[in-house]
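# Results of the structural survey
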Amino acid sequence: MPLPQSTYVLIVGAGPTGLVAALSLVHYGFNDFVIVDALEKGENLSRAIVVHAATLEVALDTVGCGDELVSNGTKLSQATLGSRTSAHVGAQFDYLEPYTRHPYALIIPQTFTEHILEKKLASLRVTVHRPYRVVGMKPSAKDANLAEVTFDGGHVMTARYIIGADGACSVIRSIAGIRFVDPESGIEDSSTTLAQLAQADVTFDSGNPDEFGFRGVILSHTFLVCIPLPTTFNEYLANEAGRSFDGRICRVGCGVPVEEGEIPSTPSKEYMQSLIDRFGPLSLSSDPTVNPSGKSVRIKDVIWSSRARTNSAIADTFFTRLPSGDPSGPLGAAIILIGDAAHTHSPAGGQGMNLGLRDGIFLGEVFVKHMKTAESKGLSEADAILSTFLAERRARAFEVIALTKRILSFSGAKDKKIAWWLPISRVTLRDMLIWVLGHVWFLRKQVAWSVSGLGKR
């Protein structure tokens with residue numbers, strides 16, 4: 001379907017954040033928008049897999065997508081952390097039952113989540129226009145209230161509002177001149193303790209991933225997680241991508257110390273197997289002499305693999321207007337940033353997609369309120385509504401970035417003494433805390449509460 005010449009709102013980016021922003025606008029009765037994405041469907045390389053309780057209950061249920069996501073995902077009641085040979089329960093999500101109807105972390109791959117959200121949007125007769133990549137944006141020469149957005153094919157569209165949901169490398173943010181830096185260091189691309197992560201969706205030639213569920217191994221200088229994905233993901237790949245795989249697909253993620261060199265952009269089967277053999281649970285080792293089963297467990301298929309940086313960054317503002325060039329003239333088109341275009345951080349704790357989903361869904365109600373206020377009281381007072389809301393989202397992003405940095409620092413603790421007056425290794429203290437965490441129910445509940453997002457929007 002060809003792009004129209006103009007729209008009131010242009011949503012740039014049809015990942016989970018952009019899709020739910022569109023769903024939220026429709027839910028609150030606003031339909032004068034266009035949503036575009038630079039990629040064909042299914043080509044998004046960002047692969048989050050966790051949807052937390054607050055995102056399901058406070059956000060996705062609002063736009064009528066929560067139940068379908070839950071029916072296609074796996075409910076994770078507890079996350080198990082430990083060493084290569086032993087395991088302790090780290091987060092007990094079923095302890096959240098008194099506070100939510102979703103007392104679990106939902107495991108569902110991002111591509112599958114996007115498929116469900118886009119299908120819901122299509123049922124509302126909204127089309128995602130693909131592939132349309134934004135390459136330029138400037139005030140309209142005919143009307144300073146509008147922006148002229150140029151796409152790589154030469155098409156130009158005018159819009160009064162541009163919602164940037166186009167990811168961490170946001171073109172909208174860049175053209176708008178909004179700085180994007182680490183909130184602690186103030187510089188771009190600042191990394192925390194573990195700077196890089198290798199991740200892949202794999203199947204194994206033997207063994208039963210269901211026996212251990214979520215399994216996390218924390219070592220002195222790194223960590224590895226292995227998480228079985230829902231069997232519905234196999235069906236999705238067969239039906240939508242024409243790719244069939246036998247056996248349960250698992251997500252494997254491993255922090256790789258920088259002294260070992262840069263992770264390949266698409267880690268191979270051999271590379272991921274090496275990480276599992278060195279850092280993973282012995283029950284997944286390809287060496288039968290160390291595997292407790294006495295058998296070799298090897299990666300059979302690599303469905304997808306990638307590397308991720310664990311750096312954090314946040315935009316200086318989530319809301320601005322394009323300068324019209326005339327200080328005494330009308331205000332320019334509005335620029336709104338949500339999701340990874342506004343904030344990004346490490347995958348630790350599975351927070352990224354959740355924060356973006358809530359950004360997008362909460363925006364719909366606030367935007368409609370902004371529109372009504374603009375009609376009755378003027379644009380200045382209406383903009384205050386958007387500014388306040390997006391300042392709150394930015395404050396929430398600061399909190400999540402701090403949480404993920406704490407998790408990452410805990411996972412990648414350096415093996416050195418805490419202080420001269422406390423000659424205990426940081427790793428020893430960390431491992432003691434994991435043991436305590438596994439034996440004190442209140443602490444397991446607190447960890448689950450912290451990552452679930454409950455109590456916060």
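Residues numbered from 1 in each chain as written. Predicted model: local features only at pLDDT ≥ 70, side-chain atom pairs only at ≥ 80, totals over all residues. Heavy atoms only, no water.

## Focus: the overall build of the protein chain
We count it as follows: Think of it this way: any DSSP run of H or I at least four residues long counts as a helix, any run of E at least two long counts as a strand, and we number them from the N terminus. Relative accessible area decides the class of each residue, using a 1.4 Å probe on protein chains only: under 20% of the type maximum gives buried, over 50% gives exposed, and in between gives partly exposed. Throughout, a residue-residue contact means that at least one pair of heavy atoms, one from each residue, lies within 4.5 Å. Computed by Shrake-Rupley with a 1.4 Å probe, the accessible areas treat only the displayed protein chains as cover when residues are assessed.
Secondary structure assignment for the protein chain yields eleven helices and 23 strands. In the protein chain, which comprises 457 residues, the share counted as buried stands at 54%. The contacts of the protein chain with a sequence gap of at least 6 include a subset with a gap of at least 24, amounting to 73%. When the accessible area of the protein chain is evaluated, it comes to approximately 19500 Å², of which 53% is carbon and sulfur surface.

## Here's the deal with the packing of aromatic side chains
Formally: Pairing of aromatic side chains requires ring centres within 6.5 Å, counting the rings of Phe and Tyr and the six-membered ring of Trp. Pairs whose planes differ by under 30 degrees are stacked, by over 60 edge-to-face, and all others tilted. Two thresholds decide whether a charge sits over a ring: the Lys NZ or Arg CZ must be within 6 Å of the ring centre and within 35 degrees of the ring normal.
Counted according to the given criterion, the structure contains eight aromatic pairs. Aromatic side chains Tyr 8 and Phe 30 sit 6.1 Å apart centroid to centroid with 65° between the ring planes, which places their arrangement in the edge-to-face category. Note that Tyr 8 is positioned in strand E1 (residues 6–12) and Phe 30 in the loop between helix H1 (16–27) and strand E2 (33–36), a separation of 22 residues in sequence. Measuring from ring centre to ring centre gives 5.3 Å for Tyr 99 and Trp 449, while their planes differ by 80°; the resulting arrangement is edge-to-face. Here the residue Tyr 99 occupies a position in the loop between strand E6 (87–92) and strand E7 (105–107), and Trp 449 occupies one in helix H11 (residues 441–452), the gap between them amounting to 350 residues. One aromatic cluster is present, formed by Tyr 8, Phe 30, Tyr 161 and Phe 367 through successive ring pairs. Sitting over the ring of Phe 180, Arg 173 keeps its end group 3.6 Å from the ring centre.

## Focus on H11
We apply this condition: Multiplying 1.5 Å by the residue count of a helix minus one yields the expected span of that helix. Summarising the geometry, the arc corresponds to the directions from the helix axis toward the C-beta atoms.
Helix length check: H11, at twelve residues, gives a terminal C-alpha distance of 16 Å against a target of 16 Å (1.5 Å per residue), a fit within 8%. Among the residues making up H11, those that are buried are Arg 444, Lys 445, Ala 448, Val 451 and Ser 452. All buried residues of H11 lie within an arc of 135° about the axis, which places them on one face of the element. Where H11 ends, the next residue or the one after it, Gly 453, has phi of about 85°, a positive value.

## Section: the sheet that holds strand E4 (residues 74–76)
Threshold: If DSSP finds at least two bridges between two strands, the strands pair.
Strand order in this open sheet of three strands is E3-E7-E4, and the pairing throughout is antiparallel. Of all strands in the sheet, those bounded by a partner on one side alone are strand E3 (50–51) and E4. Two strands pair when backbone bridges link them, and E3 and E7 are joined in this way by two bridges, in the antiparallel orientation. If you follow Val 51 over to E7, its bridge partner there is Leu 106.

## Quick notes on the environment of Gln 92
Counted only if it meets this: By the criterion applied in these results, polar contacts are pairs of N or O atoms within 3.5 Å in which, for protein atoms, one can donate a hydrogen and the other can accept it, and in which residues neighboring in sequence qualify only through two side-chain atoms.
In this structure, Gln 92 sits in strand E6. With relative accessibility at 8%, the residue Gln 92 sits in the buried group. A sequence separation of twelve residues divides Gln 92 from Thr 80, and the C-alpha atoms of the two residues are 8.9 Å apart. Those residues within four positions of Gln 92 in sequence are excluded, and the remaining contacts are Ser 77, Gln 78, Arg 444 and Ala 448. Within the structure, the side chain of Gln 92 is placed 3.2 Å from the side chain of Gln 78, a separation counted as a polar contact.

## Details of the packing of helix H4 (residues 110–123) against helix H6 (residues 232–240)
Just so we agree on the cut-off: Helix axes are fitted to C-alpha atoms over the stretch in contact, other axes to C-alpha atoms as well, and angles between N-to-C directions run from 0 to 180 degrees. Angle categories: roughly parallel below 35 degrees, roughly antiparallel above 145, roughly perpendicular from 65 to 115, and oblique for all the rest. Two helices cross in a left-handed way if the nearer one is turned anticlockwise from the farther one by less than a right angle. They cross in a right-handed way if the turn is clockwise. Side-chain classes are defined by residue name, with Ala, Val, Leu, Ile, Met, Phe, Trp, Tyr, Cys and Pro counting as nonpolar, Asp, Glu, Lys and Arg as charged, and the others, Gly among them, as polar.
For the pair H4 and H6, interaxial distance at closest approach is 10 Å and the crossing angle is 65°. By the angle between their directions, the pair H4 and H6 is classed as roughly perpendicular. As for the relative orientation of H4 and H6, their crossing is left-handed in sense. For the pair H4 and H6, contact is made by Thr 111, Phe 112 and His 115 and by Thr 232, Phe 233, Tyr 236 and Glu 240, respectively. Split by residue class, the contact of H4 with H6 holds three nonpolar, three polar and one charged.

## What about unusual backbone geometry?
Following Arg 130, the chain continues to Pro 131 via a peptide bond in cis, the omega torsion being -25°. Notably, Arg 125 is not glycine yet its phi reads approximately 65°, a positive angle. Here Arg 125 lies in the loop between H4 and strand E8 (128–129). Arg 125 sits in the exposed class, given a relative accessible area of 80%.

## What to know about the nonpolar core
Rules: To define a nonpolar core, start from buried Ala, Val, Leu, Ile, Met, Phe, Trp, Tyr and Cys residues and group those joined through side-chain atoms within 4.5 Å.
Grouped together as the largest cluster of nonpolar side chains are 111 residues, with contacts concentrated most on Leu 10, Ile 11, Phe 33, Leu 60, Phe 93 and Ile 162. Within the second largest apolar cluster, 20 residues are counted, among which are Val 202, Val 217, Leu 275 and Ile 276.

## Notes on the environment of Phe 318
Among the structural elements, Phe 318 can be located in the loop between strand E18 (313–315) and strand E19 (319–321). The exposure class of Phe 318 is buried, given its relative accessible area of 2%. Here the alpha-carbon distance between Phe 318 and His 343, two residues 25 residues apart in the chain, equals 9.2 Å. Apart from the residues within four sequence positions on either side, Phe 318 is in contact with Ile 335, Ile 336, Leu 337, Ala 342, His 343, Leu 390, Arg 393, Arg 394 and Ala 397.

## What about the sheet that holds E18?
Ordered by their spatial adjacency, three strands build an open sheet running E12-E18-E21, and the pairing between neighbours is antiparallel. A single partner strand is all that each edge strand has here, and the edge strands are strand E12 (180–181) and strand E21 (343–344). Relative to E18, E12 runs antiparallel, the two being bridged by two bridges. The partner of Phe 180 across the bridge, within E18, is Ala 315.

## Thoughts on the pairing of strand E15 (residues 223–228)
The buried fraction of E15 amounts to six of the six residues, a majority that puts the element mostly inside the structure. The sheet contact formed by strand E14 (residues 215–218) and E15 spans four bridges and is antiparallel. Of the residues in E15, the one forming a bridge with Arg 215 is Cys 226. Where E14 folds back on E15, the antiparallel hairpin that results is connected by four residues. Here E15 pairs with strand E16 (residues 250–255) via five bridges, running antiparallel. When the bridges of E16 are listed, Leu 224 appears paired with Cys 254.

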